[in-house]
Amino acid sequence: MNYSSERIADLLVHIVRRSVQRSASELTSAQWSALRFFAHANQFSRQPSAFASYHGTTRGTASQTVKSLVKLGYLERSRGLSDRRSAVFDVTPPGMEALNTDPLKTLVQTIDDLPQEQRESLCASLLTFNKGSQEVGAKTHFGTCLNCKHFRQSSLNSGFCNHSAAALDVYEIDKLCCKFSSI
Ligand code: SF4
């Protein structure tokens, strides 16, 4: 099997689009994307503007999506830990429950079922694509602490973010961040 790079890129987009559309749920694919984003993002990133960059949409559209999830009781506004003046949005218990029916779960299960070696190879390829998008000038870049040049490990279960001058516990280290910069 030897697909051209164009064919692989096309297949990748097709699989992802099909995975997020396969649902008769009450939420649109943009709402699912937002709910996932706010469930996985760290304290510096749970804002509509970061979601707009992540989802490749305008701030206005992202705000409308966030508002609709607040109205459904899936997101709630709170004060940011890192900047008490700016609002962040947290997923509520009903929002976490809704994520149990996320249409992306089928794809997650397929990835779970891959042999370890294939999973690691897939992950390495995706991290390379992510780094590539940073190098071609994507304005905001997303990733997690262990692959970020701003991260310093301080103990087994904690670290420090040099960009935000903030201590990070083990729970935050694995979250998606909009301040990320690839090593
Ligand atoms: S170390 Fe990097 S990924 Fe982690 S919080 Fe800081 S900027 Fe974000």
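Only a predicted model underlies this, so the values are computations on that prediction, with no experimental measurement involved. (Residues numbered from 1 in each chain as written. Predicted model: local features only at pLDDT ≥ 70, side-chain atom pairs only at ≥ 80, totals over all residues. Heavy atoms only, no water.)

**Comments concerning the pairing of strand β4 (residues 158-161)**
Only one face of β4 is buried: it carries Gly159 and Cys161, and the other face, with Ser158 and Phe160, is open. Taking the residues between adjacent antiparallel strands as the criterion, strand β3 (residues 151-155) and β4 are bridged by 2 residues. Counting the residues between successive antiparallel strands, the hairpin from β4 to strand β5 (residues 166-169) contains 4 residues, one of them, Ala165, with a positive phi of roughly 50 degrees. (Buried < 20%, exposed > 50% of the residue type's maximum accessible area, 1.4 Å probe, protein only. Helix = DSSP H or I, 4+ residues; strand = E, 2+ residues; numbered from the N terminus. Pairing = 2+ DSSP bridges.)

**So, the environment of Ser78**
Checked against the element boundaries, Ser78 lands in strand β1 (residues 75-79). Note: C-alpha distance between Ser78 and Phe89 (11 residues apart in sequence) is 5.9 Å. Within the structure, the side chain of Ser78 is placed 2.8 Å from the side chain of Asp90, a separation counted as a polar contact. (Polar contact = N/O pair within 3.5 Å; in protein donor to acceptor, adjacent residues only side chain to side chain.)

**Some points on the packing of aromatic side chains**
Per the stated rule, a full pass over the model turns up 7 aromatic pairs. A centroid spacing of 5.3 Å and a plane angle of 90 degrees characterise the contact between Phe37 and Phe38, whose relative ring orientation is edge-to-face. Judged on exposure class, the residue Phe37 and its partner Phe38 are both buried. Both rings, one in Phe38 and one in Phe51, keep their centres 6.1 Å apart while their planes meet at 45 degrees; by these two values the pair is tilted. Highlighted residues: Phe38 in helix α2 (residues 29-40) and Phe51 in helix α3 (residues 48-55), separated in sequence by 13 residues. The two residues Phe38 and Phe51 agree in class, both being buried. Put simply, the rings of Phe37, Phe38, Phe51, Tyr54, Phe89 and Phe142 pair up and form one aromatic cluster. (Phe/Tyr/Trp six-rings, centres within 6.5 Å; stacked < 30°, edge-to-face > 60°.)

**Describing the pattern of salt bridges**
The tally for this structure, following the rule as stated, stands at 3 salt bridges. Residue Arg46 pairs with Asp90 through a salt bridge whose shortest N-O separation is 3.0 Å. Of this pair, Arg46 sits in the loop between α2 and α3 while Asp90 is found in strand β2 (residues 87-91), placing the two residues 44 residues apart along the sequence. Residue Arg119 is joined to Asp112 by a salt bridge in which the shortest nitrogen-to-oxygen separation is 3.4 Å. (Salt bridge = Lys/Arg side-chain N within 4 Å of Asp/Glu carboxyl O.)

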